[in-house]
Amino acid sequence: MNKISLTRYLVEQQRDHGRIPAQLRLLLEVVARACKGISQAVNKGALGGVLGSAGSENIQGEVQKKLDLIANEVLIEANEWGGHLAAMASEEMDGIYVVPNRYPQGEYLLLFDPLDGSSNIDVNVSIGTIFSVLKKPEGPSAVTEQDFLQAGRHQVAAGYCIYGPQTTLVLTVGEGVSMFTLDREQGSFVLTQEQVRIPADTQEFAINMSNMRHWDPAVRRYIDECLQGKEGPRGKDFNMRWIASMVADVHRILTRGGLFMYPWDRREPEKAGKLRLMYEANPMAWLVEQAAGAATNARERILDLQPRQLHERVSVVLGSKNEVERVTAYHRSS
Ligand code: AHM
Ligand code: MG
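All chains use their own residue numbering, which begins from 1 and follows the written sequence. Chains and ligands are labelled sequentially in the order written, the chains with letters from A and the ligands with numbers from 1. Residues qualify for local features only when their pLDDT is at least 70, as the model is predicted, and side-chain atom pairs are given and counted only at 80 or more; totals for whole chains, interfaces and linings, by contrast, use all residues. Note that water and hydrogens are dropped before the side-chain values are worked out from all heavy atoms of the structure.

Attention now goes to the coordination of the magnesium ion (ligand 2). Here the term donor refers to an N, O or S atom within 2.8 Å of the metal (or 3.2 Å for Na, K and Ca), and because water is left out of the atoms, sites may appear incomplete. Note on the magnesium ion (ligand 2): its protein donors are Asp-113 (OD), Asp-116 (OD) and Glu-280 (OE). The metal-donor distances range over 1.8 to 2.2 Å. On the primary sequence, the residues serving as donors to the magnesium ion (ligand 2) are separated as D-x2-D-x163-E. Of the two residues, Asp-116 sits in strand 5 (residues 108-116) while Glu-280 sits in helix 7 (residues 277-290), which places them 164 residues apart along the sequence. The classification of residues rests on relative accessible area computed with a 1.4 Å probe and restricted to protein chains. Under 20% of the type maximum is buried, over 50% is exposed, and intermediate values are partly exposed. For Asp-116, a relative accessible area of 5% corresponds to the buried category. Residue class for Glu-280 comes out buried when judged on its relative accessible area of 1%. Here a strand is any run of E in DSSP of at least two residues, a helix any run of H or I of at least four, and the numbering for each starts at the N terminus.

On to the packing of aromatic side chains, then. In summary, the pairing rule links any two rings of Phe, Tyr or Trp, Trp by its six-membered ring, whose centres are within 6.5 Å, and it sorts them by plane angle into stacked for under 30 degrees, edge-to-face for over 60 and tilted for everything else. Across all of its chains, the model carries 5 aromatic pairs by this definition. Seen from their ring centres, Trp-242 and Phe-260 are 5.4 Å apart, and the 20° between their planes marks the pair as stacked. Here Trp-242, found in the loop between strand 12 (239-240) and helix 6 (246-256), pairs with Phe-260, found in strand 13 (residues 259-262); they are 18 residues apart in sequence, far enough to count as distant. Relative accessible area serves as the criterion here: at 24%, Trp-242 is assigned to the partly exposed category. For Phe-260, a relative accessible area of 1% translates into the label buried. Among the aromatic residues, ring-to-ring pairing joins Trp-242, Phe-260 and Tyr-262 into one connected group. One residue, Arg-221, lies across the ring of Tyr-330, its end atom 3.6 Å from the ring centre. Each ring is checked for a lysine NZ or an arginine CZ that lies within 6 Å of its centre and within 35 degrees of its normal; such an atom marks a charge sitting over the ring.

Turning next to unusual backbone geometry. You will see that Ala-244, though not glycine, has its phi angle at about 70°, which is positive. For Ala-244, the position within the fold is in the loop between strand 12 and helix 6. A relative accessible area of 34% places Ala-244 in the partly exposed class. Backbone geometry at Ala-292 places phi at a positive 75°, although glycine is not the residue there. In this fold, Ala-292 is placed in the loop between helix 7 and strand 15 (294-296). Classification of Ala-292 by relative accessible area gives partly exposed; the value is 26%.

Once that is clear, we can look at the domain arrangement of the protein chain. Each domain of the protein chain was delimited in the assignment, giving domain 1 (6-193) and domain 2 (204-333). An automatic or database domain assignment supplies the residue ranges for each domain. Each of domain 1 and domain 2 has a C-alpha centre, and the two are 24 Å apart. Any two residues whose heavy atoms approach within 4.5 Å at even a single point are treated as in contact. Between domain 1 and domain 2, the residue contacts involve 49 residues of the former and 33 residues of the latter. The junction of domain 1 with domain 2 conceals about 3000 Å² of combined surface from both sides, 62% of it contributed by carbon and sulfur atoms. In the sections that follow, a salt bridge refers to a side-chain nitrogen of Lys or Arg positioned within 4 Å of a carboxyl oxygen of Asp or Glu. Summed over the shared surface of domain 1 and domain 2, the result is 3 salt bridges. Among the salt bridges present, the one from Asp-304 reaches Arg-153, with a minimum N-O distance of 3.2 Å. Here's the idea: put two parts together, see how much 1.4 Å probe accessible area each one loses, and the total over both is what we call buried area.

Another point: the pattern of salt bridges. Any two side chains of opposite charge can pair, so long as their charged atoms come close to each other. Following the criterion strictly, the structure yields 22 salt bridges and no others. For Glu-107, the salt bridge goes to Lys-135, with nearest N and O atoms at 3.5 Å. Taken together, the positions of Glu-107 in the loop between strand 4 (97-98) and strand 5 and Lys-135 in strand 6 (residues 127-135) put the pair 28 residues apart, joining distant regions of the chain. Take Glu-107: its relative accessible area is 36%, and that puts it in the partly exposed class. One salt bridge in this structure joins Arg-276 and Glu-280, with 3.0 Å as the shortest N-O distance. According to the relative accessible area criterion, Arg-276 is buried, its value standing at 3%. When salt bridges that share partners are traced, they join Glu-62, Glu-91, Arg-276 and Glu-280 into one network.

Right, let's talk about helix 2 (residues 22-44) for a bit. Look at helix 2: 34 Å from first C-alpha to last across 23 residues, which is about the 33 Å you get at 1.5 Å a residue. Backbone geometry just downstream of helix 2 places Gly-45 in the positive-phi region, at approximately 55°. Expected span of a helix: the number of residues minus one, times 1.5 Å.

This part covers the nonpolar core. By size, the foremost hydrophobic cluster in this structure holds 46 residues, and its most contacted members are Tyr-160, Met-246, Leu-254, Phe-260, Met-284, Val-316 and Leu-318. Ranked by residue count, the leading element in this core is helix 7, at 9 residues. Both domain 1 (6-193) and domain 2 (204-333) contribute no fewer than three residues apiece to this core. Apart from the residues lying within four places of it in its own chain, the contact partners of Phe-260 are Ala-206, Trp-242, Met-246, Asp-249, Ile-253, Leu-275, Val-316, Val-317 and Leu-318. Remark: nonpolar core denotes a set of buried residues (Ala, Val, Leu, Ile, Met, Phe, Trp, Tyr, Cys) joined through side-chain atoms within 4.5 Å.

Moving on to the layout of surface pockets. There is about 620 Å³ of room inside the largest pocket. Using a grid of 1 Å spacing that covers the protein atoms alone, one calls a set of points a cavity when a 1.4 Å probe fits there but cannot get out, and a pocket when the set is open and has protein on both sides within 12 Å along at least five of seven lines; lining residues are those with an atom within 4 Å of a point. Surrounding the largest pocket, 35 residues form its lining, Glu-62, Tyr-262, Lys-274, Leu-275 and Arg-276 being those nearest its centre. Listed by contribution, the elements that provide at least two residues to the lining of the largest pocket are strand 2 (63-65), strand 5, helix 6, strand 13 and strand 14 (275-276). Top contributing element to the lining of the largest pocket by residue count: strand 5, with 3 residues. Only Asp, Glu, Lys and Arg are considered charged, only Ala, Val, Leu, Ile, Met, Phe, Trp, Tyr, Cys and Pro nonpolar, and every remaining residue, Gly among them, polar. Across the lining of the largest pocket, the residue classes tally to 11 nonpolar, 8 polar and 16 charged. There are two domains that each give the lining of the largest pocket at least three residues, and those are domain 1 (6-193) and domain 2 (204-333). Grid points are joined across faces, edges and corners, and a volume is the space filled by probe spheres set on the points.

In structure tokens:
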């Protein structure tokens, strides 16, 4: 069988299907190349001296790991000179990173969580890079943070790369979801799945149960009913998974269905949730919708939320459509 590389796939998306402009193709190739570099650093682990804390904090007050900063640096260095971007924004940077004057400026904006699932780095559990691409609003003015504050439905590409037993890049440009597995001998991503579909029904949920006492009654109701299994109102048993890497939980859901929730809770009631809207929830919500799933903040469709801040947080419910609708309905009626 003829293997289709990511490069070929993107060329065909551009040339044969007219789905992506040349600059966007270049951007996605560069992001994929950066992910290969991050994958190598992740693989080296203790041998590369990349484990442990960097001794600093990001704007959200979270301790940064060495690999958080390495991944951030790899993505910036790979993307700043190609002429395809105007600016970048990252979980690990306070403000936006405008492409330096010495390089040409392109029309795209790139947002990323360079290494999602940071708490799993040192314990050798799957982690990943999440990215989202927007277009800079038209006009001659210099790029600002305001330009990034676009609802998720305006994304032109989104995806993640998971560093697990395999390194897999998962991508959407708005025509379904495709998966590419890294062939380490060839050094290239190879198309291994197209038109990924999430089944509408599931018997598996993912939530951090240790926060149960802080949940909203609607979340409690949903989980209580799942836990009652065959004997309860749902009339079926449920299984639970929680990897604490959103990329790994979403990857499982894209592969076999399921429900993922990181809802608002009473620990920090002024925050909408733990996860970030612009570089975690939006790209994942779009991938999930493109695979026939659904994604809400427990009340509204995530992709319709108007961001007010770059590092804005959001409550997240995503995955198999019927379960997302059920959780959302419980919230709306409570
Ligand atoms: P991170 O981007 O700092 O790694 O935080 C996001 C992660 C998600 O990947 C994961 O779903 C969640 O935080 C896990 O949180 P918790 O440790 O509270 O279960
Ligand atoms: Mg993250």
